[in-house]
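# Topology and contacts: notes
This is what each chain is made of:
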Amino acid sequence: MRFENVGLRYGNGPEVLQDVTFALGPGSFHFLTGASGTGKTSLLSLLYLARRPSRGLIGIFGRDITAMKRDDLPPIRRRLGVVFQDFRLLDHLSALDNVALPLRVAGVSESDIQKHVPELLTWVGLADHINAKPPTLSGGQKQRVAIARAVINRPDVLVADEPTGNVDDRIAFRLLHLFAELNRLGTTVVIATHNETLVRRFRFPRLNLAGGGRLEVLPPLADVEEGAAEGGSPAAPGAMAGVGPVPPASLAARSDG
Amino acid sequence: MIPFFAPRANLPISADSTGRYLPWLVAMMVFLAVLALAGALAVGGVLDEWRRDVAGTVTVQIVPATGVDPASARAETDRRVAQALAVLRDRPFVASAEPLEEPRLVALLEPWLGASDLVRDLPLPRLIDVRIAADARPDLKALGETLREAVPGVSLDDHQVWLAGIIDLAEGLSLLGVLVVGLVAAATAATVVHATRLGLEVHREQIEVLHLIGAHDRYIAQQFAARMVGWTLEGGLIGLLVAMPTLMLVSWLAADMEQGLLPPFSLSFWDWMALALVPAGAALLALVTARMTVRRALRRMV
Ligand SMILES: Nc1ncnc2c1ncn2[C@@H]1O[C@H](COP(=O)(O)OP(=O)(O)OP(=O)(O)O)[C@@H](O)[C@H]1O
Ligand SMILES: [Mg+2]
């Protein structure tokens, strides 16, 4: 996945992103940081193919998506898992049907859906809420439904926009462990966040958006209070209460639809 | 509500009230379309009969000349017949024009007048049997006028002239029926487009999510089209259900005055079949319209 001199402007406004150039190796994990309004969501929306850049090149899975016809994009979108900043769950569907959506769209059989989806929901600690509708779920529960939907198809790339924006640090740590877990299974992960504690705790390289829409690639932020924080290192298994340490076998084995 | 069309609970696009008015609108439109189509079909059926009446043959009648001398009167009548024949044979739409020979005329009259020599001496009207060319549309009224000017005492069969006039009217009515069906179809399509657009607006969020998780336009369009087809079928069946008894009533009333001038209002088996298919036609129209509307809207997304 690579960006080359990518620029983005909304309408006739100024360029929100300017000459953004970076590459994400397969199986890498990056934080996307930057002050509010610097263009993190804009950058991610280019990554998950919600819009096209005003200029520059975007390569995904070795293909130049800026040159692709829109009819060819859905198969690529199915290899991406997205956790939106505001979850974007469908309120009229149960947790199960929300998570099943990418599978239904891909034409996966109903029997496979009934087998894998409850398994994943159980794994993210929502065994008791499989048939609950999003409006009846807590923020953290919704977040886990959104994450389950993003990973159910075993995406090659996971994009999460402020996935810890409205939960406390404890849940934030848990969710990050989940992403680290997926990353260990081979998924390329990009996470936009404001939470410096997280960035310090999970020492992954950073993409930092400075003012003026320019992007710099930075090394992991050093944890100044190493060992002092509760919960242990990111590699520590079992850190997530209510979330099993090992992802379900079906998730690990699934090939995309 | 017909339970068969109740939406599945786990469709990605939520059920909503944006199109609840659709079945009722479609019911009214299908009702109108069925009546208009029935009218067009019934008139069309009668038209065929009438055209056959007019198309086949026309009879021209020539009143015999009268005079003191029967021989010269007869010669005058013969001359008139020859004149009329000349005018008739000059017309492009006349395939043939043959005078009925006197012996045949007498034979035709025999049952009423008997076979006496007296009959032979009576000044009988002469008849010319005119065969109209196949698929010609003769203006019989004009022909009658031309004949009358050229030959004294000539007349065209009244009934056929009258029919020729009414055929024009009937064709107009039949065309009007088809036009009404077309207009109703256009209005239905416009309604479906509007309901679909409204649905797209209401469900914008859901559509965007489906789009971003890799749904093809076809899949999203199908979600909408299925709902539109359900609503349209529902309304169409209601419209048909109301239109059928109405038609039967009209049919029954028309049968009551069969003795009148107008031929009976009647529909063939196939006509009834065509009418029963109107709701299916409306549903098909809704399917195509909704799909096209959604896909056009989606093309604006990246
Ligand atoms: N749809 C849009 N139309 C016009 N301008 C937009 C649009 N979306 C974002 N912007 C502008 O682009 C800039 C970057 O916005 P963006 O949402 O990418 O920031 P962000 O880094 O995600 O901020 P935050 O951390 O608050 O989520 C902002 O100045 C914003 O006003
Ligand atoms: Mg943002």
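Quick caveat: nothing in here was measured; it's all calculated off a predicted structure. (Residues numbered from 1 in each chain as written. Chains lettered and ligands numbered in written order. Predicted model: local features only at pLDDT ≥ 70, side-chain atom pairs only at ≥ 80, totals over all residues. Heavy atoms only, no water.)

### Points about the overall build of chain B
A tally of regular secondary structure across chain B gives ten helices and four strands. Listed N to C, the secondary structure of chain B is α-β-α-β-α-α-β-α-β-α-α-α-α-α in terms of helices and strands. Sorting the 302 residues of chain B into buried and exposed places 39% on the buried side. At a minimum sequence separation of 6, the contacts of chain B that also span at least 24 residues come to 83%. Accessible surface, chain B: about 16,600 Å² in total, of which carbon and sulfur atoms supply 65%. Mean positive and mean negative side-chain charge positions of chain B (25 and 31 charges, respectively) differ by 13 Å. (Helix = DSSP H or I, 4+ residues; strand = E, 2+ residues; numbered from the N terminus. Buried < 20%, exposed > 50% of the residue type's maximum accessible area, 1.4 Å probe, protein only. Contact = heavy atoms within 4.5 Å. Areas by Shrake-Rupley, 256 points an atom, 1.4 Å probe, with all protein chains shown as cover. Lys, Arg positive; Asp, Glu negative; His and termini not counted. Charge placed at Lys NZ, Arg CZ, Asp CG, Glu CD.)

### So, the UniProt feature "transmembrane region" (unreviewed entry) in chain B
Residues and elements named next belong to chain B. As recorded in UniProt, the feature "transmembrane region" (unreviewed entry) lies at residues 21–43, 173–195, 228–252 and 272–294. Strand forms 0% of residues 173–195 and helix 100%; the C-alpha atoms that close the span are 33 Å apart. As a span, residues 228–252 carries 100% helix and 0% strand, and end to end its C-alpha atoms are 36 Å apart. (UniProt positions renumbered as here; feature names shortened; annotations may be inferred.)

### Describing the site of ligand 1
Residue and element names in this part refer to chain A. The local shell around ligand 1 holds 13 residues, among which Ser36, Gly37, Lys40, Thr41 and Ser42 are the closest. Measuring from an oxygen atom of ligand 1, one finds a side-chain N or O atom of Ser36 at 2.5 Å. Within the side chain of Lys40, an N or O atom sits 2.6 Å from an oxygen atom of ligand 1. Contact with the protein chains hides 58% of the accessible area of ligand 1, taken as 630 Å² for the molecule alone. Ranked by the residues each element gives to the shell around ligand 1, the list is headed by helix α1 (residues 40–47), at three residues. Tallied by class, residues from the shell around ligand 1 come to three nonpolar, eight polar and two charged. (Near = heavy atom within 4 Å. Polar contact = N/O pair within 3.5 Å; in protein donor to acceptor, adjacent residues only side chain to side chain. Nonpolar A, V, L, I, M, F, W, Y, C, P; charged D, E, K, R; others polar.)

### Details of the pairing of strand β3 (residues 126–132) of chain B
Residue and element names in this part refer to chain B. Judged by which residues are buried, β3 turns out to be one-sided: Arg126, Ile128, Val130 and Ile132 face inward and are buried, whereas Leu127, Asp129 and Arg131, on the alternate face, are not. As paired strands, strand β1 (residues 57–62) and β3 are joined by six bridges and run antiparallel to one another. Across the sheet, residue Ile62 finds its bridge partner in β3, namely Arg126. Strand direction decides the pairing type here: strand β2 (residues 94–99) and β3, joined by five bridges, are antiparallel. In the strand pairing of β3, Pro99 is matched with Ile128. (Pairing = 2+ DSSP bridges.)

### Some thoughts on the sheet that holds strand β7 (residues 157–161) of chain A
In any sheet, the strands associate via hydrogen bonds between backbone groups, in a parallel or an antiparallel arrangement. All names here are of chain A. The strand order across the open sheet formed by six strands is β6-β7-β8-β3-β9-β10, and the pairing between neighbours is mixed. Lying at the two open borders of the sheet, with one neighbouring strand each, are β6 (80–83) and β10 (215–218). For this sheet the average axis-to-axis angle between neighbouring strands, irrespective of direction, equals 15°. Pairing analysis gives four bridges linking strand β3 (residues 29–34) to strand β8 (residues 188–192), with the strands arranged parallel. (Axes fitted to C-alpha atoms, helices over the stretch in contact; angles between N-to-C directions.)

### Let's talk about the sheet that holds strand β5 (residues 63–64) of chain A
All names here are of chain A. Within the open sheet, the four strands sit side by side as β2-β1-β4-β5. Their pairing is antiparallel. Looking at the sheet topology across the chains shown, the edges are occupied by β2 (15–23) and β5. As judged from the two bridges shared by strand β4 (residues 55–60) and β5, these two strands associate in the antiparallel manner. Across the sheet, residue Ile60 finds its bridge partner in β5, namely Arg63.

### Description of the nonpolar core
All names here are of chain A. Ranked by size, the top nonpolar core spans 44 residues in total, and within it Val117, Leu121 and Phe179 carry the most contacts. Contributing elements (two or more residues each) for this core: β3, α3 (95–105), α4 (110–123), α5 (139–151), β7, α6 (169–184), β8 and α7 (196–201). With seven residues, the single largest contributor to this core is α6. Residues in contact with Phe179, not counting those within four places in the same chain, are Phe29, Ile147, Leu158, Ala160, Pro163, Val189 and Ile191. Formed by 32 residues, the second largest nonpolar core is a distinct cluster that contains Leu44, Leu46, Phe84 and Leu207. (Core = buried A, V, L, I, M, F, W, Y, C linked by side-chain atoms within 4.5 Å.)

### Comments concerning a nonpolar patch on the surface
Side chains of Leu169, Leu173, Leu176, Leu179, Val180 and Leu183 of chain B sit close together on the surface and give an oily, nonpolar patch of about 570 Å² of accessible area. One can find Leu176 of chain B in helix α6 (residues 158–202). (Patch = residues over 30% accessible without salt bridge, like charges linked within 9 Å, V, L, I, M, F, W, Y side chains within 5 Å. Salt bridge = Lys/Arg side-chain N within 4 Å of Asp/Glu carboxyl O.)

### Observations concerning the pattern of salt bridges
In this structure the tally under the stated criterion is 19 salt bridges over all chains. Here Asp86 of chain A makes a salt bridge to Arg88 of chain A, at a shortest N to O gap of 3.7 Å. Note on Arg88 of chain A: relative accessible area 17%, which makes it buried. Between Arg126 of chain B and Asp78 of chain B there is a salt bridge, and its shortest N-O distance comes to 2.7 Å. Taken together, the positions of Arg126 of chain B in strand β3 and Asp78 of chain B in helix α2 (residues 70–90) put the pair 48 residues apart, joining distant regions of the chain. Assessed through its relative accessible area of 11%, Arg126 of chain B is described here as buried. By sharing partners, the salt bridges in this structure join Glu15, Asp19, Arg55 and Arg214 of chain A into a single network.

### A closer look at the interface of chain A and chain B
Tallying the contact residues gives 23 residues for chain A and 22 residues for chain B. By the criterion of area lost to chain B, the three top residues of chain A are Arg70, Arg77 and Arg88 of chain A, representing 31% of everything that side buries. Taken together, the links from chain A to chain B amount to two salt bridges. Between Arg70 of chain A and Asp217 of chain B there is a salt bridge, and its shortest N-O distance comes to 2.5 Å. Between the two partners, chain A and chain B, sit seven residue pairs in polar contact (both at pLDDT 80 or more). Going through the elements one at a time, α2 (73–77) and α3 of chain A are the ones with two or more residues in the side of chain A that touches chain B. Among the elements that take part in the side of chain A that touches chain B, α3 of chain A stands out by supplying five residues, more than any other. Among the residues making up the side of chain A that touches chain B, the classes are represented as twelve nonpolar, one polar and ten charged. (Buried area = accessible area lost by both parts, 1.4 Å probe.)

### Digging into the packing of aromatic side chains
Residues and elements named next belong to chain A. Applying the stated criterion across every chain, the model contains seven aromatic pairs over all chains. Considering the side-chain rings of Tyr48 and Phe84, the 5.4 Å spacing of their centres and the 85° angle between planes classify their relative orientation as edge-to-face. On the criterion of sequence distance, the pair formed by Tyr48 in the loop between α1 and β4 and Phe84 in the loop between β6 and α3 is long-range, its members being 36 residues apart. Comparing Tyr48 with Phe84 shows no difference in burial state: the two are buried. (Phe/Tyr/Trp six-rings, centres within 6.5 Å; stacked < 30°, edge-to-face > 60°.)

### Here's the deal with α6 of chain A
Residues and elements named next belong to chain A. Here α6 contains 16 residues, and its C-alpha end-to-end distance of 22 Å stays within 8% of the 22 Å for a straight helix at 1.5 Å per residue. Within α6, twelve of the 16 residues are buried, leaving the element largely enclosed by the surrounding structure. Listing the buried residues of α6 in full gives Ala172, Phe173, Arg174, Leu175, Leu176, His177, Leu178, Phe179, Ala180, Glu181, Leu182 and Asn183. Immediately downstream of α6, the backbone of Gly186 shows phi near 115°, a positive value. (Expected span 1.5 Å × (residues − 1).)

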